[in-house]
Amino acid sequence: KQWYQRRVRGDKDRQFLWGSHLMVCPVVTQGATSVWIYFPPSRWYELWSMAEVEGAAGDVVPNYPAPIHTIPVFARGGSIIPVVREEDGTTPTIERMQAR
């Protein structure tokens with residue numbers, strides 16, 4: 001809860017924690033393809049690829065890539081984040097559950 005009180009850079013007000021395990025860093029500047037991100041002390045993983053963000057614990061990562069089609073979202077190390085694979089979708093799972 002104290003990570004946001006650190007004086008790091010003006011852009012930190014654009015990122016937020018969703019609960020205590022997900023951090024969302026939306027791009028709010030038109031045309032931008034990267035963002036400055038402050039990572040609270042911990043291990044952090046990019047949610048979409050689950051690749052660890054090197055050198056992120058308690059520091060600012062300048063110019064983190066943020067392609068227009070992807071919102072930078074990160075999971076804190078040790079978190080369990082339930083996800084549905086895109087190719088599975090939700091309808092087939094619901095249909096299978098109702099068929100039983």
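Residues numbered from 1 in each chain as written. Predicted model: local features only at pLDDT ≥ 70, side-chain atom pairs only at ≥ 80, totals over all residues. Heavy atoms only, no water.

Engineer: Account for the packing of aromatic side chains, with residues named and values stated.
Structural biologist: Following the criterion strictly, the structure yields 3 aromatic pairs and no others. When the ring of F39 is compared with that of F74, the centres are 5.0 Å apart and the planes differ by 80°; the resulting orientation is edge-to-face. Of the two residues, F39 sits in strand 3 (residues 34–39) while F74 sits in strand 6 (residues 73–76), which places them 35 residues apart along the sequence. When its relative accessible area of 0% is taken as the criterion, F39 is described as buried. With a centroid separation of 5.2 Å and an interplanar angle of 80°, the aromatic rings of Y64 and F74 are classed as edge-to-face. Within this pair, whereas Y64 is found in strand 5 (residues 59–65), its partner F74 is found in strand 6, the two being separated by 10 residues in sequence. The same class applies to Y64 as to F74, namely buried. An aromatic cluster is present here, built from F39, W44, Y64 and F74 joined pairwise through their rings. (Phe/Tyr/Trp six-rings, centres within 6.5 Å; stacked < 30°, edge-to-face > 60°. Helix = DSSP H or I, 4+ residues; strand = E, 2+ residues; numbered from the N terminus. Buried < 20%, exposed > 50% of the residue type's maximum accessible area, 1.4 Å probe, protein only.)

Engineer: Could you give an account of the environment of S20, with specific residues and numbers?
Structural biologist: Residue position: S20 is located in the loop between strand 1 (16–18) and strand 2 (22–24). On the basis of relative accessibility, which here comes to 42%, the residue S20 falls in the partly exposed class. Note: C-alpha distance between S20 and A75 (55 residues apart in sequence) is 9.2 Å. Engagement of the side chain of S20 in a polar contact is seen with the side chain of H21, the distance being 3.4 Å. (Polar contact = N/O pair within 3.5 Å; in protein donor to acceptor, adjacent residues only side chain to side chain.)

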